[in-house]
Amino acid sequence: MIKIVLVALVIYMIVNLFLAMRVMMKNDPKNGPMSKYIGRRVLTSVVIVVLILIAIGTGLITPNPRPY
């Protein structure tokens, strides 16, 4: 379940990236500032990192073993 949530958050982050690109290319002031979408993307990144750390700490997901 945690992996589905993480994938959904990554997709949401990518959608906000493309929305910010669209605002940047059109330069239309009535659509809102580009920083709104970039801020959502940064906040989503923080949520993803925190969820991964919590999931590793509680044992819901396990990191890969050392490569050597």
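Residues numbered from 1 in each chain as written. Predicted model: local features only at pLDDT ≥ 70, side-chain atom pairs only at ≥ 80, totals over all residues. Heavy atoms only, no water.

(A) The arrangement of the environment of Tyr 68 in detail. Inspection of the secondary structure assignment puts Tyr 68 in the segment after helix 2 (34–58). For Tyr 68, a relative accessible area of 75% translates into the label exposed. Between the alpha carbons of Tyr 68 and Met 24 there is a distance of 45 Å; along the sequence they are 44 residues apart. (Helix = DSSP H or I, 4+ residues; strand = E, 2+ residues; numbered from the N terminus. Buried < 20%, exposed > 50% of the residue type's maximum accessible area, 1.4 Å probe, protein only.)

(B) Helix 2, seen in detail. Helix length check: helix 2, at 25 residues, gives a terminal C-alpha distance of 37 Å against a target of 36 Å (1.5 Å per residue), a fit within 8%. All of the buried residues along helix 2 are Tyr 37, Thr 44, Ile 48 and Ala 55. For helix 2, the secondary structure elements touched by its buried residues are helix 1 (2–26). Immediately beyond the C-terminal end of helix 2, within one or two residues, lies Gly 59, with a positive phi of roughly 90°. (Expected span 1.5 Å × (residues − 1). Contact = heavy atoms within 4.5 Å.)

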